[in-house]
Amino acid sequence: MSEQRIRKVVIAGGGTAGWIAGCALSHQFRDLLDITLVESEQIGTVGVGESTVPPMVAFHRLLQIDEQEFLRAVAGTFKLSISFENWRRHGERYIHPFGITGTSTLVCAFHHFWLESLRRGTHSELGDYCLETVASRDDLFAKLDKPRVNYAYHLDAALYARFLRRRAETQGLKRIEGKIREVRRHPESGHVQALALEGGQVVEGDLFIDCTGFRGLLIEQTLGTGYEDWHQWLPCDRAVAVQTEAVGPPVPYTRAIAHQAGWRWHIPLQHRVGCGLVFSSRHMSDDEARAKLLDDAGAPPVRDPWLVPFRSGRRLKTWNGNVVALGLASGFIEPLESTSIHLAISAVVRLIEQFPFDGIPQSLVEIHNDTSRREMEHVRDFIILHYHANQRDEPMWKACREMELPESLAIRLGAWRERAHAWQGGDELFRVDSWTHVMLGQGLVPGQHHPLARALSNADLRRLLDTLRGQIGEAVARMPAQQGFIDRYCKADPATWLNRGPAST
Ligand SMILES: Cc1cc2nc3c(=O)[nH]c(=O)nc-3n(C[C@H](O)[C@H](O)[C@H](O)COP(=O)(O)OP(=O)(O)OC[C@H]3O[C@@H](n4cnc5c(N)ncnc54)[C@H](O)[C@@H]3O)c2cc1C
């Protein structure tokens, strides 16, 4: 155990991860910690990462962030689901919703009852029993409590960083603009002691949070922690991103549209659309990707496209010595399913829960690293599923179909194929419903389902399904088009994105 008391926290990097950490730590610890964030406008941020998952709503509640104020500040929209287009094969679409599907019992998930209804000759889709799917089909949105609507956000990444920065500074965080030239270490312990900036300033600390993005200035370039590469399962290694005008009202979902060598995202905000083409450099050149993105985006760009190379994988330790890596510095799986900001939030929450005021116990470091590894492997498996289960003809997709899977995923897919069994482990992000919607959407049909579902009489089964559809129909009838809801609830002032001053809090 390192005996050094932890009072001075230094965050290196002011992208989404750095400001999430700065805002959360300064909100929770107030004067108990002395927090400094160093960022360099000259280096800038990755500039993408605008689609999120539902746990962000609870995180904002923890930080007492008012939702309407937040959405106005980031020109945000709501996200009920992801629309997967052309994934299994051309012309097909399925929705991965954030909501609860049907009603499960303690011992039997709803999809078994639904599969039983198909066996008895009823025609329906699993999504017919999920409010978020039905609302997504018609571009509707409202915040309802009964039944509860589960959602996440689409946000402008630059505006979000500004919003968090303003809050963190109000809460006492010190921000330093400057480029880190050197990371100084203790000669014996090897712990990081200080960051030396180009202007000559030296920023000392007890605990350092590395949010310097892919470069991992502290965790990798200084400590040489190591990286596990997942390229053998995740073929894409580059993205070209662009922002376009919004040519229609925002849809309440992220679109993920597969193409011959990867996929394209479409993230609608109030003032523009974030678009990007994710691709495998072995199957598509940068020039082809750029041209395809501009062709397919379907709206005039508002800035030039930019290229973002990435390497799928995870840092072998996200906590090493007195350095905790967050965001891209800790690893990156893939933009699909938009989990990276969530993983940064989850790691910050863990750090706060067990903050090592009186020194860093090795047991804490090991637990943190083990949890990070499991979290990332779980997300990795879920994303590989989308690539692997396909019936497309192009070489990249064929190779994905034929690849050897990680054992953990092979077991999951086997259990689904044999018995329609799906599960969610204690700290896993994706619920049973997520797995079932995506497995079915990708064309994985189970051989059989739980025999317990057969115990229901035809009348009882019909009553269950009809009641669920009726409740969803009534709820959806109360939901306006998402644009109408935004206009009333959180419409952003155009000055928010035109004026580059700090976002208001
Ligand atoms: C193509 C793509 C699409 C993505 N889409 C999504 C998505 O939809 N949803 C999602 O959740 N995530 C997404 N992500 C991930 C998401 O973008 C990141 O998790 C998020 O932006 C956090 O990035 P970051 O803060 O770790 O790094 P960055 O944004 O790269 O920030 C790094 C910071 O470190 C600073 N810095 C670096 N070196 C120095 C230095 N020497 N001195 C001083 N400062 C320095 C930089 O100035 C910057 O402030 C996507 C990622 C990619 C690559």
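Being a predicted model, the structure only gives us computed values, none of them experimental. (Residues numbered from 1 in each chain as written. Predicted model: local features only at pLDDT ≥ 70, side-chain atom pairs only at ≥ 80, totals over all residues. Heavy atoms only, no water.)

**Q** Outline the UniProt feature "binding site: 7-chloro-L-tryptophan" (unreviewed entry) in the protein, listing residues and values.
**A** Taken from the UniProt record, the annotation "binding site: 7-chloro-L-tryptophan" (unreviewed entry) applies to Lys 79. Along the polypeptide, Lys 79 turns up in strand E3 (residues 77-79). When sequence neighbours within four positions are dropped, the list of residues in contact with Lys 79 reads Ser 51, Thr 52, Phe 98, Tyr 151, Ala 152, Tyr 153, His 154, Pro 252, Tyr 253, Thr 254 and Ser 338. (UniProt positions renumbered as here; feature names shortened; annotations may be inferred. Helix = DSSP H or I, 4+ residues; strand = E, 2+ residues; numbered from the N terminus. Contact = heavy atoms within 4.5 Å.)

**Q** If you had to explain the side chain of Asn 320 to someone new, which residues and values would you point to?
**A** Following the sequence through the fold, Asn 320 ends up in strand E19 (residues 319-320). With residues near it in sequence (within four places) discarded, Asn 320 still touches Ile 219, Leu 223 and Thr 225.

**Q** An account of the nonpolar core is requested, with residue identities and associated values reported.
**A** In this structure, Val 9, Ile 11 and Phe 78 are the most contacted members of the largest nonpolar core, which totals 70 residues. The element best represented in this core is helix H1 (residues 16-29), accounting for eight residues. Ranked by size, the runner-up nonpolar core spans 60 residues in total, among them Trp 233, Trp 263, Ile 384 and Phe 430. (Core = buried A, V, L, I, M, F, W, Y, C linked by side-chain atoms within 4.5 Å. Buried < 20%, exposed > 50% of the residue type's maximum accessible area, 1.4 Å probe, protein only.)

**Q** Which residues make up the confidence of the model for the protein, and what values go with them?
**A** A low pLDDT score tells you not to read the predicted coordinates there in detail. Within the protein, residue pLDDT values average 96, and 98% of them lie at 70 or more. When the criterion is pLDDT under 50, residues 501-505 qualifies, and its contacts beyond four places in sequence or with other chains add up to 15 contacts. (pLDDT = per-residue confidence, 0-100.)

**Q** Describe the pairing of strand E5 (residues 93-97), listing the residues and the values that go with them.
**A** Among the five residues of E5, four are classified as buried, and the element is accordingly described as predominantly covered. Of the pairings in the sheet, the one linking strand E4 (residues 81-85) to E5 comprises five bridges and is antiparallel in character. The residue of E5 that forms the bridge with Ile 82 is His 96. (Pairing = 2+ DSSP bridges.)

**Q** Can you break down the packing of helix H9 (residues 362-388) against helix H12 (residues 432-441) residue by residue, with the values?
**A** Packing of H9 against H12 brings their axes to within 9 Å, and their N-to-C directions diverge by 20°. Judged on the interaxial angle alone, H12 and H9 are roughly parallel. You can see that H9 and H12 cross each other, and the crossing is left-handed. For the pair H9 and H12, contact is made by His 378, Asp 381, Phe 382, Leu 385 and His 386 and by Ser 434, Trp 435, Val 438 and Met 439, respectively. Looking at the contact of H9 with H12, its residues break down into five nonpolar, three polar and one charged. (Axes fitted to C-alpha atoms, helices over the stretch in contact; angles between N-to-C directions. Parallel < 35°, antiparallel > 145°, perpendicular 65-115°, else oblique. Left-handed = near helix turned anticlockwise from the far one by under 90°. Nonpolar A, V, L, I, M, F, W, Y, C, P; charged D, E, K, R; others polar.)

**Q** So, the packing of aromatic side chains: which residues are in play, and what are the values?
**A** Across all of its chains, the model carries 27 aromatic pairs by this definition. Among the aromatic residues, ring-to-ring pairing joins Phe 70, Phe 78, Phe 141, Tyr 151, Tyr 153, Tyr 160, Phe 163, Phe 485 and Tyr 489 into one connected group. Directly above the ring of Trp 306 sits Arg 303, whose terminal nitrogen or CZ lies 3.8 Å from the centroid. The ring of Trp 230 carries Arg 380 above its face, with NZ or CZ at 4.9 Å from the centroid. (Phe/Tyr/Trp six-rings, centres within 6.5 Å; stacked < 30°, edge-to-face > 60°. Lys NZ or Arg CZ within 6 Å of the ring centre and 35° of its normal.)

**Q** Lay out the UniProt feature "active site" (unreviewed entry) in the protein in plain terms, naming residues and giving numbers.
**A** The positions UniProt marks with the feature "active site" (unreviewed entry) are Lys 79. By relative accessible area, which is 0% here, Lys 79 ends up buried. At 2.8 Å, the side chain of Lys 79 forms a polar contact with the side chain of Ser 51. (Polar contact = N/O pair within 3.5 Å; in protein donor to acceptor, adjacent residues only side chain to side chain.)

**Q** Any details on the side chain of Arg 412? Residues and values, ideally.
**A** Mapped onto the secondary structure, Arg 412 falls in helix H11 (residues 407-419). Within polar-contact distance, the side chain of Arg 412 engages the backbone oxygen of Trp 423 at 2.8 Å. Sequence-distant contacts of Arg 412, defined by excluding residues within four places in its chain, comprise His 378, His 421, Trp 423, Glu 428 and Trp 435.

**Q** I'd love a proper account of the sheet that holds strand E20 (residues 323-325), names of residues and values included.
**A** The six strands are arranged E7-E2-E1-E11-E20-E19 in an open sheet whose pairing can be described as mixed. Because the sheet does not close on itself, it has two edges, and the strands there are strand E7 (174-177) and E19. Pairing geometry for strand E2 (residues 34-39) and E7, over four bridges, is parallel. Along E7, the bridge assignment pairs Glu 39 with Glu 177.

**Q** So what about the pattern of salt bridges? Which residues, and what values?
**A** With the rule as written, the count across this model stands at 39 salt bridges. Residue Arg 181 pairs with Glu 182 through a salt bridge whose shortest N-O separation is 3.8 Å. With relative accessibility at 32%, the residue Glu 182 sits in the partly exposed group. Connected through salt bridges with shared partners, the residues Asp 370, Arg 373, Arg 374, Glu 377 and Asp 427 form a single ionic network. (Salt bridge = Lys/Arg side-chain N within 4 Å of Asp/Glu carboxyl O.)

**Q** Please provide a residue-by-residue account of the domain arrangement of the protein, values included.
**A** The domains assigned to the protein are domain 1 (8-77 + 155-231 + 312-376) and domain 2 (238-309). Relative to domain 2, the C-alpha centre of domain 1 lies at a distance of 27 Å. Across the boundary between the two partners, domain 1 contributes 16 residues, which contact 18 residues of domain 2. Of the roughly 1,300 Å² buried at the junction of domain 1 and domain 2 (both faces included), carbon and sulfur atoms supply 60%. On the surface where domain 1 and domain 2 come into contact, there are two salt bridges. (Domains from an automatic or database assignment. Buried area = accessible area lost by both parts, 1.4 Å probe.)

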